[in-house]
Amino acid sequence: MPNSKTIVEDWKIGWKVRRGMADEEHLVMREEIASIVRRFMDLESDEVNEMRRKAEGLEEICRKAVSEGGSAESAIDSFIQDISYHRDC
C-alpha cells in the first residue's frame with residue numbers, strides 16, 4: 001500500500017482506514033468511515049487544520065511541477081530526448 005503509506009506516514013495528510021496487519025482482510029464498516037469523515041469535517045481540530053495546511057502546500061508544489069517550465073515538463077522533455085537519442089544510435 002505505497003499510496004496510503006505516503007499519504008499517512010510521509011505527507012501526514014490523512015489517516016488509515018483499515019486497522020490491523022496489511023495482509024489481514026476485513027471489511028471497513030460504515031461506522032468507521034463515518035467516524036473518520038466526522039473527524040475530517042471538524043474545522044476546530046488543530047490536527048485537521050494542520051493536515052489541510054500541508055495538503056495546500058502539496059497542491060502548490062504539484063501546480064508548479066505541471067506548469068509550463070515545471071519539473072514535470074522538464075522530466076518529460078528529458079525522457080523524450082533520451083529515448084530519441086538511443087533510438088538513433
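Starting from 1, residues in each chain are numbered consecutively following that chain's sequence as written. Totals for whole chains, interfaces and linings use every residue, but because this is a predicted model, local features are given only for residues with pLDDT of at least 70 and side-chain atom pairs only at 80 or more, for both listing and counting. To get the side-chain values, take all heavy atoms of the structure and skip hydrogens and water.

1. Observations regarding the overall build of the protein chain
And step 1. Every helix listed is a DSSP run of H or I at least four residues long, and every strand listed is a run of E at least two residues long, numbered separately from the N terminus. When its secondary structure is counted, the protein chain shows four helices and zero strands.
And step 2. The helix and strand sequence of the protein chain, counted from the amino end, reads α-α-α-α.
And step 3. Relative to its full complement of 89 residues, the protein chain shows a buried share of 12%.
And step 4. Relative to all contacts within the protein chain whose residues are 6 or more apart in sequence, the contacts with residues 24 or more apart total 32%. Each residue gets one of three labels from its accessible area relative to the maximum for its type: buried under 20%, exposed over 50%, partly exposed in between, using a 1.4 Å probe on protein chains only. Between two residues, a contact is recorded if the distance between any of their heavy atoms is within 4.5 Å.

2. Details of the environment of I7
And step 1. For I7, the location among the structural elements is in helix 1 (residues 2–10).
And step 2. We classify I7 as partly exposed; its relative accessible area is 33%.
And step 3. Sequence separation of I7 and A55 is 48 residues, and the distance between their C-alpha atoms is 9.7 Å.
And step 4. Setting aside chain neighbours within four positions, we find I7 in contact with K12, I13 and G14.

3. What to know about the packing of helix 2 (residues 30–41) against helix 3 (residues 46–66)
And step 1. Each axis is a line fitted through C-alpha atoms, taken for helices only over the stretch in contact, and angles between the N-to-C directions span 0 to 180 degrees. Interaxial distance between helix 2 and helix 3 falls to 8 Å at its minimum, and their mutual angle equals 80°. Considering their axes alone, helix 2 and helix 3 lie roughly perpendicular with respect to each other. Side by side, helix 2 and helix 3 meet where R39, F40 and M41 of the first sit next to E47, V48, M51 and R52 of the second.
And step 2. Tallied by class, the residues present in the contact of helix 2 with helix 3 amount to four nonpolar, no polar and three charged. An angle below 35 degrees is read as roughly parallel, one above 145 as roughly antiparallel, one from 65 to 115 as roughly perpendicular, and any other as oblique. For this classification, Asp, Glu, Lys and Arg are treated as charged, while Ala, Val, Leu, Ile, Met, Phe, Trp, Tyr, Cys and Pro are nonpolar and the rest, including Gly, are polar.

4. Observations concerning a nonpolar patch on the surface
And step 1. A cluster of nonpolar side chains, contributed by V17, I33, V37 and M41, occupies part of the molecular surface with about 340 Å² of accessible area.
And step 2. Its location among the elements puts V37 in helix 2. Like charges within 9 Å and nonpolar side chains (Val, Leu, Ile, Met, Phe, Trp, Tyr) within 5 Å are joined into patches, using only residues over 30% in relative accessible area that form no salt bridge. Each accessible area is a Shrake-Rupley estimate made with a 1.4 Å probe; only the visible protein chains count as cover when residues are assessed. Counted as salt bridges are all cases of a side-chain nitrogen of Lys or Arg within 4 Å of a carboxyl oxygen of Asp or Glu.

5. Points about the packing of aromatic side chains
And step 1. Pairing of aromatic side chains here covers Phe, Tyr and the six-membered ring of Trp, requires ring centres within 6.5 Å, and sorts the geometry by plane angle: under 30 degrees stacked, over 60 edge-to-face, intermediate tilted. This structure, assessed with the given rule, holds one aromatic pair.
And step 2. Ring centres of W15 and F40 lie 4.3 Å apart, and the angle between their planes is 40°; this geometry places the pair in the tilted category. Pair noted here: W15 is in the loop between helix 1 and helix 2 and F40 is in helix 2, with a separation of 25 residues, a long-range link.
And step 3. For a ring to carry a charge above it, either NZ of a lysine or CZ of an arginine must fall within 6 Å of the ring centroid while also lying within 35 degrees of the normal to the ring plane. Cation over ring: R39 sits above W15, and NZ or CZ is 3.7 Å from the ring centre.

6. Examining the side chain of S45
And step 1. Along the chain, S45 turns up in the loop between helix 2 and helix 3.
And step 2. S45 gets classed as buried once you look at its relative accessible area, which sits at 16%.
And step 3. Identification of polar contacts relies on pairs of N or O atoms within 3.5 Å, with a donor-acceptor requirement for protein atoms, meaning one able to donate a hydrogen and the other able to accept it, and with residues adjacent in sequence counted only if both atoms are side-chain atoms. Among the polar contacts listed, one links the side chain of S45 to the backbone nitrogen of E47, at a separation of 3.3 Å.

7. Observations regarding helix 3
Each α-helix winds once per 3.6 residues, and so residues spaced three or four apart point in a common direction.
And step 1. For helix 3, spanning 21 residues, the distance from its first C-alpha to its last is 30 Å, which sits close to the expected 30 Å at 1.5 Å a residue.
And step 2. The N-cap of helix 3, judged by a side-chain oxygen 3.3 Å from the amide nitrogen of E47 a few residues on, is S45. Expected helix span is computed as 1.5 Å times (number of residues minus one).

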